[in-house]
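What follows is the residue order along each chain.
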Amino acid sequence: MGEKWTTANIPDQRGRVAVVTGANTGLGFETAKALAERGAAVVLAVRDVGKGERAAARMTGDVSVQALDLTSLDSVRAAAAALRSRFDRLDLLINNAGVMYTPKQITRDGFEMQFGTNHLGHFALTGLLLDLMLPVPGSRVVTVSSIGHRVRAAIHFDDLQWERSYGRVAAYGQSKLANLMFTYELQRRLAAHGTTIAVAAHPGVSSTELARNTPAAFRLPITWLAPLITQTPAMGALPTLRAATDPAVLGGQYYGPGGRMEIMGHPRLVTSSPESYEMAVQRRLWAVSEDLTGVRFPVAEPEHVITM
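Residues numbered from 1 in each chain as written. Predicted model: local features only at pLDDT ≥ 70, side-chain atom pairs only at ≥ 80, totals over all residues. Heavy atoms only, no water.

Novice: So what's going on with the pattern of salt bridges? Residues and values would help.
Specialist: When the charged atoms of two side chains with opposite charge come close together, those side chains can pair. Under the counting rule described, the total for this entry stands at 13 salt bridges. Measuring nitrogen to oxygen at the nearest pair gives 2.4 Å for the salt bridge that ties Arg89 to Asp91. Asp91 sits in the buried class, given a relative accessible area of 2%. Residues Arg296 and Asp291 are paired through a salt bridge, measuring 3.5 Å at the closest nitrogen-oxygen approach. Through salt bridges with shared partners, one network takes in Arg16, Arg89 and Asp91. (Salt bridge = Lys/Arg side-chain N within 4 Å of Asp/Glu carboxyl O. Buried < 20%, exposed > 50% of the residue type's maximum accessible area, 1.4 Å probe, protein only.)

Novice: I'd like a description of the packing of helix α4 (residues 113-129) against helix α9 (residues 279-293), backed by residues and values.
Specialist: Following both chains from N to C, one finds α4 and α9 inclined at 85 degrees, their axes separated by 10 Å at the closest point. Between α4 and α9, the interaxial angle falls into the category roughly perpendicular. Along its contact with α4, which presents Phe115, His119, Leu120, Phe123 and Ala124, the element α9 presents Leu285, Trp286, Ser289, Glu290, Leu292 and Thr293. Its residues assigned to classes, the contact of α4 with α9 shows 7 nonpolar, 3 polar and 1 charged. (Axes fitted to C-alpha atoms, helices over the stretch in contact; angles between N-to-C directions. Helix = DSSP H or I, 4+ residues; strand = E, 2+ residues; numbered from the N terminus. Parallel < 35°, antiparallel > 145°, perpendicular 65-115°, else oblique. Contact = heavy atoms within 4.5 Å. Nonpolar A, V, L, I, M, F, W, Y, C, P; charged D, E, K, R; others polar.)

Novice: I'd like a description of the nonpolar core, backed by residues and values.
Specialist: The biggest cluster of nonpolar side chains holds 44 residues, and the ones touching the most others in it are Leu90, Leu129, Leu130, Ile155, Leu186 and Phe297. What Leu186 contacts, discounting residues up to four positions off in sequence, is Thr126, Leu130, Val141, Ala198, Trp286, Phe297 and Val299. Counting residues in each nonpolar core, the second largest holds 31 residues, with Ala23, Ala40, Val42 and Leu238 among its members. (Core = buried A, V, L, I, M, F, W, Y, C linked by side-chain atoms within 4.5 Å.)

Novice: Can you break down empty space enclosed by the protein residue by residue, with the values?
Specialist: Enumeration over the complete set of coordinates arrives at 1 cavity of 30 Å³ or more. Along the lines of polarity and charge, the residues of the lining of the largest cavity split into 6 nonpolar, no polar and 1 charged. (1 Å grid on protein atoms, 1.4 Å probe; cavity = no way out; pocket = protein on both sides within 12 Å on 5 of 7 lines; lining within 4 Å. Points joined across faces, edges and corners; volume = space filled by probe spheres on them.)

Novice: Which residues make up the sheet that holds strand β6 (residues 197-201), and what are the values?
Specialist: Judged by pairing direction, the sheet is mixed, and its 8 strands sit side by side in the order β3-β2-β1-β4-β5-β6-β7-β8 without closing on themselves. Each of the sheet's edge strands pairs with one partner strand only, and the pair in question is β3 (63-67) and β8 (267-269). Neighbour to neighbour, the strand axes of the sheet diverge by 20 degrees on average, direction disregarded. When β6 meets strand β7 (residues 254-257), the two strands line up parallel, connected through 2 bridges. Considered in β7, the bridge of Ala201 is made with Tyr255. Against the sheet, helix α1 (residues 26-37) engages β1 (17-21), β2 (41-46), β3 and β4 (92-95), with an angle of about 170 degrees to β1. Strands β1, β2 and β3 of the sheet are contacted by helix α3 (residues 73-86), whose axis makes an angle of about 145 degrees with β3. (Pairing = 2+ DSSP bridges.)

Novice: I'd like to hear about α4, residue by residue, with values.
Specialist: If you check α4, its first and last C-alpha atoms are 23 Å apart, about what 17 residues at 1.5 Å a residue would give, namely 24 Å. At Leu120, α4 is bent by approximately 30 degrees, the largest bend along its length. With 16 of 17 residues buried, α4 is to be regarded as a mostly interior element. (Expected span 1.5 Å × (residues − 1). Bend = angle between axes of the 7 residues up to and from the residue.)

Novice: Mind laying out unusual backbone geometry, listing which residues take part and the relevant values?
Specialist: The phi angle at Tyr101 is positive, at roughly 55 degrees, despite the residue not being glycine. Tracing the backbone shows Tyr101 in the loop between β4 and α4. Non-glycine residue Arg152 carries a positive phi angle of around 50 degrees. Looking at the secondary structure, you find Arg152 in the loop between β5 (140-144) and α5 (168-190). With relative accessibility at 59%, the residue Arg152 sits in the exposed group.

Okay, structure coming up:
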């Protein structure tokens, strides 16, 4: 398959069930639309059902809407229960929804908004739906990260909720780094099952509503430079779609735009930051996330093998 991977490369998705979070706009909308056009039964898992229904009306194929507010663990549990009542299998879970550079806020469960929405909400949703995926050959969990995982990013175990001080850029970086660490640890746990894989993707710099909270100091330069440094949501969705559908994809891989600095371009295999591959931090984040959400996964931590 050539480097210029497009939606034309998406295999037939008939018979597959896909859940896409945050699918009423932007990257999520384009991802869901493309999957539905290729025959998948697609569920738009969205906070605003009215917006979700209007988005579904703009798509062709088998598209439905499910209420999901990732800032509330009660909502995550209710959505998972509703999906389990409707489907006995799940082929694709695309953890796409997110918030970016928000002012200091907390979720209904008391988590910092970016960490709670981008990481903990998706962690809980995945854990509650994973047993619908494990029996399904070729099923995938795709989690959308960001090039922001490289910017002032670390997992601050001593202050995960930014109670002592808050920096919106650093908090976003933490949440997107957590998305990658979650993917890599999940893949390690899935490997023994041989059916479901975990993959990550990022959209480069795409023109979406996500950037509405960009700090004022950056807003004007970004506005001026936007035509040169941003791509459309349809292009930004391609790495996610490739991670979700390309038969050559392997568990634990990361896809992003193939252009300079991964800002724009057709999707290809990319590499995340050195920090994202730190296994001890991945395992610790997993344990903390289980404690914070109360969700336990149906896949165990693999035994550590010591070789001589």
